[in-house]
Amino acid sequence: MARAARRVREYRSGTFPNGMDYLTWGQGPKTLLFVQGGPGSFVPQGVLRGVFRREFAAYQEAGYAIWIVTRRRNMPESHTSADMAADYARLIAEEFGGRVDLVVAESFGGMIGQYLAARHPRSFGHIAMVVTAAELSAWGKDVDERMAAAVAAGDPGRAGTVLAEYLLPGPRTRWLRELLGPVVGRRVLDPAGCPAADILTESRAELAFDARAVLPLIRPPVLLLCGGRDAFFPRTVAEETARLIPDCTLIVYERWGHLRAGSSRRVPRDVLAFVRSR
């Protein structure tokens, strides 16, 4: 009981002056900045905090203080992934002394991470990009666009039904998605967590995203982790991404799709091994 109470007190959350929300825990001397997926970004609440804590336990044990930082609120409609990367770079300059030790950027966050690495390389010591690549697949664009539109329309049940396609794609499981949609929407998509307009802005940025032109400009070493069966970022595109980055270590989790690869306990192990090797 006392241990659980200490963990609750250890969490700190708030909003930076630039409108980016955060959740942080851990007292280590090193700083890990996590750039989460989307469209939409939120500070984990309730049971999700425990999920994130378990996923980041290895980093905390390795001496990192964990910072989950959302995109800024009320972004301009024209805000791009490159603009969001600039937001994170300014945040690092203003709130973290100009540099964090490790950036872990996942999925849509990894799209932002590609621009952070290309245009703001002094903002971090190491960077790992997880289940991401130079461009989202056509199927992924369709799913995320429909999910963002449902959230913006104030229909969390429909958004949850679309979100269920992450795990249950294809026409044969449509009935199950329709059944689970309202439950998924209520539990995962908190309308108070991210303004609908920002979700649409991120969706537009995701649909327009193609980082191939800037990837050769990346100078820091990059770790790229992908799933061999990822429908959002196919292996062929991930391999192309790795070839375009001058110093890129690519690790493929052969049998896993997007969610399974991104949440695997292998991720922190491989990231920490990469950091030690560099």
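Residues numbered from 1 in each chain as written. Predicted model: local features only at pLDDT ≥ 70, side-chain atom pairs only at ≥ 80, totals over all residues. Heavy atoms only, no water.

Asks: Tell me about the nonpolar core, and name the residues and values.
Replies: With 58 residues, the main nonpolar core has F16, L33, W67, V69 and V103 as its most contacted residues. With sequence-adjacent residues up to four places away left out, L33 is seen in contact with W67, V69, Y88, I92, V100, L102, V103 and V104. Core analysis: the second largest hydrophobic core is formed by 27 residues, F34, V104, W256 and L272 among them. (Core = buried A, V, L, I, M, F, W, Y, C linked by side-chain atoms within 4.5 Å. Buried < 20%, exposed > 50% of the residue type's maximum accessible area, 1.4 Å probe, protein only. Contact = heavy atoms within 4.5 Å.)

Asks: So what's going on with the packing of aromatic side chains? Which residues, and what values?
Replies: Within the structure shown, the criterion is met by 14 aromatic pairs. Their ring planes at 45 degrees and their centres at 5.6 Å tell us that F56 and Y59 sit as a pair that is tilted. On the basis of relative accessibility, which here comes to 2%, the residue Y59 falls in the buried class. Among the aromatic residues, those joined into a ring-pair cluster are Y11, W25, F34, F52, F56 and Y59. The positively charged end of R49 is found above the aromatic ring belonging to Y11, 5.3 Å away from the centroid. If you follow R53 out to its NZ or CZ, it ends over the ring of Y11, 5.5 Å from the centre. (Phe/Tyr/Trp six-rings, centres within 6.5 Å; stacked < 30°, edge-to-face > 60°. Lys NZ or Arg CZ within 6 Å of the ring centre and 35° of its normal.)

Asks: Describe the sheet that holds strand β1 (residues 12–15), listing the residues and the values that go with them.
Replies: By way of backbone hydrogen bonds, the strands of a sheet pair with one another, either parallel or antiparallel. Judged by pairing direction, the sheet is mixed, and its eight strands sit side by side in the order β1-β2-β4-β3-β5-β6-β7-β8 without closing on themselves. Both edges of this open sheet fall to β1 and β8 (248–253), since each of them pairs with a single strand only. Adjacent strand axes in the sheet meet at a mean angle of 20 degrees when their direction is disregarded. With five bridges joining them, strand β3 (residues 30–35) and strand β4 (residues 64–72) adopt parallel strand pairing. (Pairing = 2+ DSSP bridges. Helix = DSSP H or I, 4+ residues; strand = E, 2+ residues; numbered from the N terminus. Axes fitted to C-alpha atoms, helices over the stretch in contact; angles between N-to-C directions.)

Asks: Got a sec to walk through helix α5 (residues 108–119)? Specific residues and values, please.
Replies: Compared with an ideal rise of 1.5 Å per residue, which puts 12 residues at 16 Å, α5 spans 17 Å between its outermost C-alpha atoms and is within 8% of the ideal. Looking only at α5, the buried set comprises F108, G109, G110, M111, I112, G113, Q114, Y115, L116, A117 and A118. (Expected span 1.5 Å × (residues − 1).)

Asks: Describe the pattern of salt bridges, with residues and values.
Replies: Within the structure shown, the criterion is met by 14 salt bridges. A salt bridge links R212 to E135, with the shortest nitrogen-to-oxygen separation between them at 2.8 Å. Taken as a pair, R212 in the loop between α9 (196–208) and β7 (222–227) and E135 in the loop between β6 (124–130) and α6 (138–152) lie far apart in primary sequence, 77 residues in all. Its relative accessible area of 24% is what places R212 among the partly exposed residues. Under the relative-accessibility criterion, E135 is labelled partly exposed at 23%. It is possible to trace a salt-bridge network through shared partners that takes in E135, K141, D210, R212 and E240. (Salt bridge = Lys/Arg side-chain N within 4 Å of Asp/Glu carboxyl O.)

Asks: Help me get a handle on the side chain of T70, residues and values and all.
Replies: On the secondary structure map, T70 appears in strand β4. Those residues within four positions of T70 in sequence are excluded, and the remaining contacts are M20, D21, Q36, S41, F42, V43 and Y88.

Asks: So what's going on with the pairing of strand β2 (residues 20–25)? Residues and values would help.
Replies: In terms of burial, β2 is a largely internal element, six of the six residues being buried. Burial of the side chains of β2 extends over both faces: M20, Y22 and T24 are buried on one face and D21, L23 and W25 on the other. One ladder, built from four bridges, connects β1 with β2; its direction is antiparallel. For G14, the partnering residue across the bridge sits in β2 and is Y22. The hairpin formed by β1 and β2 contains four residues between the paired strands, and G19 there has a positive phi angle of roughly 95 degrees. As paired strands, β2 and β4 are joined by five bridges and run antiparallel to one another. Looking at β4, one finds that Y22 is bridged to V69.

Asks: Give me helix α4 (residues 81–95): which residues, what numbers.
Replies: For α4, spanning 15 residues, the distance from its first C-alpha to its last is 21 Å, which sits close to the expected 21 Å at 1.5 Å a residue. Buried within α4 we find S81, A82, M84, A85, A86, D87, Y88, A89, L91 and I92. Looking at the packing, one finds that the buried side of α4 touches β2, β3, β4, β5 (100–106), α5 and α9. Looking one or two residues past α4, G97 carries a phi angle of roughly 70 degrees, positive in sign.

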